[in-house]
Amino acid sequence: MTTPDVTALTPHLDFVRAQFPALAGPWTFLDNAGGSQVLTSVADRVRDYLLQTSVQLGASYAVSQEAAARVADGTRAAAELINAADVREVVLGSSATQLVANFAQSFGATLREGDEIIVTSTDHEANIGAWMRTRGAVVRVWRTRPDTLDLHLDDLDALLTDRTRLVCVTHASNILGRINPVAQIARRTHAGGAKLFVDGVAYAPHRLVDVQALDADFYMFSFYKVFGPHISLLYGKLDGLLALPNINHGFVGEQAVPYKLQPGNLNYELTYSLRAITEYLGELGARVQPGADGRAALMAAYAAIADHEATLAGVLLDYLSSRSRVRVIGPVSADPDVRVATISFTVEGSPSSKFPRALDDHFIAIRYGHFYARRLMDEFALDPSEGVVRVSMAHYNTVQDINRLIERLDATGLD
């Protein structure tokens, strides 16, 4: 078994793991791209809100005022996490799929017949299907190159025209693990007069999102994959959100952002709990880099997370690369500038379903399937019912977790 070099996060792993009660049980959780474990402090806030301030907002009485302040603070925490310039740029909703569907409904109303939208073949279906259903739009597909399995910027340039209104791309593929150069994509998109919509669901658990540095017009991800509750975020530059049509009640004004894009409103108790995520990451950053606070602490935390996860990914990738029947679907490098610690593979002559099922009785949670990236399965000529085996790591995982996984994979006859 492998014992790699100590990372900056290693001395703090006891602190990290103590914040996630599920890790004290028998299970080794390596299906984190499907949903991370949840912080105790997040659950405490949800419980406290429901038991102390479960009232409607907007009333004159004190409990309603306190509830409103709690919800507002949770929204501010979300804005701070992604470095939004204005708290009104944060739209919250039940899931990333629902948020992109709502956004597509609003943005689609601004399109003229023949306007073009570019999607990629690597995205989760949420960021493809919503645009395929947009009436009147011509949808063009930015595909991976078969020799590299990557999206190439030159291919994007060839797709952009004077009718392109929106480019939709994932920040990191939930199958390939590849990190796409969003800032470069933004520059090319904007030079062509279009706007950029980024799906950051598979990226945000692993790297700090800075929407201002990325210059994305719109960016979304899910907090239930970032150590929190089942609630998701859509960021939009304020002028872009103000320009969108209202999809809420008819009397809601066009200037009422984010409310005009939150039909049914946001979930109060889950929104309140978001502050616990930034507090945890801030404390972790201060431990890794003593004296760091605010944004600097968040940056320190995520730098340590990236380094630690790259070490874990390297252990697994080295093992998989040594097996003659294994094909890694995505980069074989663990370089944190290249990929996140979400690793997919297939095994020649064996169905993907064999391996997760063989591990279930050993309390190791991994998964197989298409992971809603059906078009990528087609592109790679993979059976979507079997898809790939996916191991997705989080910063609370350990080298011992990966060694346990490797030991059991060996026992299944993976060679």
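These numbers come from a predicted model, not from an experiment. Think of each chain on its own: its residues are numbered from 1, step by step along the sequence as written. Selection of residues for local features in this predicted model requires a pLDDT of at least 70, selection of side-chain atom pairs for listing and counting requires 80 or more, and totals for whole chains, interfaces and linings are taken over all residues. Heavy atoms from the whole structure form the basis of all side-chain values; hydrogens and water molecules are not counted.

Thoughts on the UniProt feature "domain: Aminotransferase class V" (unreviewed entry) in the protein chain
Mapped onto this numbering, the UniProt entry annotates "domain: Aminotransferase class V" (unreviewed entry) at residues 29-405. Note that residues 29-405 is 40% helix and 15% strand, and that its end C-alpha atoms are spaced 10 Å apart. UniProt positions are given in the numbering used here, feature names are shortened, and annotations may be inferred rather than shown by experiment. Counting from the N terminus, the helices are the DSSP runs of H or I reaching at least four residues and the strands are the DSSP runs of E reaching at least two.

Observations concerning the packing of helix H11 (residues 294-321) against helix H14 (residues 399-411)
Running from amino to carboxyl end, H11 crosses H14 at an angle of 15°, the nearest separation of the two axes being 9 Å. Relative to H14, the element H11 is oriented roughly parallel. The handedness of the crossing between H11 and H14 is right-handed. Contact residues: Leu312, Val315, Leu316 and Tyr319 in H11; Val399, Ile402, Asn403, Leu405, Ile406, Leu409 and Asp410 in H14. Axis lines are fitted through C-alpha atoms, for helices just across the contact stretch, and the angle between N-to-C directions can take any value from 0 to 180 degrees. Roughly parallel covers angles under 35 degrees, roughly antiparallel covers those over 145, roughly perpendicular covers 65 to 115, and oblique covers all other angles. Rotating anticlockwise by less than a right angle from the far helix to the near helix defines a left-handed crossing, while the corresponding clockwise rotation defines a right-handed one. Here a residue-residue contact requires only that any non-hydrogen atoms of the pair lie within 4.5 Å.

As for the nonpolar core
One recurring pattern in soluble globular proteins is that nonpolar side chains are buried together. We define a nonpolar core as any set of buried Ala, Val, Leu, Ile, Met, Phe, Trp, Tyr and Cys residues linked to one another through side-chain atoms lying within 4.5 Å. Relative accessible area decides the class of each residue, using a 1.4 Å probe on protein chains only: under 20% of the type maximum gives buried, over 50% gives exposed, and in between gives partly exposed. Counting 99 residues, the largest nonpolar core has Trp131, Tyr219, Phe221 and Phe223 as the members making the most contacts within it. A total of nine residues in this core trace back to one element, the largest contributor, which is helix H10 (residues 268-288). Discounting residues that sit within four places of it in the chain, Phe223 has contacts with Ala78, Leu81, Leu92, Gly228, Pro229, Ile231, Ser232, Leu233, Leu274 and Ile277. Counting residues in each nonpolar core, the second largest holds 28 residues, with Leu30, Leu312, Ile402 and Leu414 among its members.

Section: helix H3 (residues 62-82)
An α-helical turn contains 3.6 residues, so a residue and the one three or four places further along point in the same direction. By this rule the span expected of a helix is its residue count minus one, scaled by 1.5 Å. In a regular helix each residue adds 1.5 Å, so 21 residues correspond to 30 Å; H3 covers 31 Å between its end C-alpha atoms and thus fits that length. Residues Ser64, Ala67, Arg70, Val71, Asp73, Gly74, Thr75, Ala77, Ala78, Ala79, Leu81 and Ile82 constitute the buried set of H3. Asn83 lies just past H3 and shows a positive phi near 65°.

Here we look at the packing of H10 against H11
One way to put it is that H10 packs onto H11 with a least axis distance of 7 Å and a crossing angle of 75°. Looking at the two axes, H10 sits roughly perpendicular to H11. Along its contact with H10, which presents Thr278, Leu281, Gly282, Leu284, Gly285, Ala286 and Val288, the element H11 presents Ala297, Leu298, Ala300, Ala301, Tyr302, Ala304 and Ile305. Taken together, the residues that form the contact of H10 with H11 break down as 11 nonpolar, three polar and no charged. The residue classification treats Ala, Val, Leu, Ile, Met, Phe, Trp, Tyr, Cys and Pro as nonpolar and Asp, Glu, Lys and Arg as charged. All others, Gly included, are polar.

Quick notes on the sheet that holds strand S13 (residues 388-392)
Strand pairing in a sheet relies on backbone hydrogen bonds, with the paired strands running either antiparallel or parallel. Here, any two strands with at least 2 DSSP bridges between them count as paired. Strand order in this open sheet of four strands is S9-S10-S13-S12, and the pairing throughout is antiparallel. The two strands at the open ends of the sheet, each matched to only one other strand, are strand S9 (326-328) and strand S12 (367-369). The average angle at which neighbouring strand axes cross in this sheet is 35°, direction not considered. In this sheet, S13 lies alongside strand S10 (residues 342-347) in antiparallel orientation, the contact comprising four bridges. Bridge pairing in S13 links Ile343 to Val391. Sheet strands in contact with H11 are S9, S10 and S13, and its direction is about 15° off that of S10.

Digging into unusual backbone geometry
Across the chain, the bulk of peptide bonds are trans and the bulk of non-glycine residues have phi less than zero. Of note, the bond from Val257 into Pro258 is cis; its omega dihedral lies within 30 degrees of zero at 5°. Following the sequence through the fold, Pro258 ends up in the loop between helix H9 (238-242) and H10. The backbone of Asn265 shows a phi angle near 70°, a positive value even though the residue is not glycine. As for its position among the elements, Asn265 is in the loop between H9 and H10. Judged by its relative accessible area of 30%, Asn265 is partly exposed. Here the phi dihedral of Tyr372 falls at roughly 65°; this positive angle occurs in a residue that is not glycine. Checked against the element boundaries, Tyr372 lands in the loop between S12 and helix H13 (374-379). For Tyr372, a relative accessible area of 53% corresponds to the exposed category.

What to know about the sheet that holds strand S8 (residues 232-236)
Taken together, seven strands build an open sheet; the order of strands is S2-S8-S7-S6-S5-S3-S4 and the sheet is mixed. The open sheet is flanked by strand S2 (90-93) and strand S4 (138-142), the only strands paired with a single partner. This sheet shows a mean twist of 20° between the axes of neighbouring strands, independent of strand direction. Across the sheet, H3 touches S2, strand S7 (218-222) and S8, and the angle it forms with S2 is around 120°. Where helix H7 (residues 182-191) meets the sheet, its contacts fall on S4, strand S5 (164-170) and strand S6 (195-199), and the angle it forms with S6 comes to roughly 155°.

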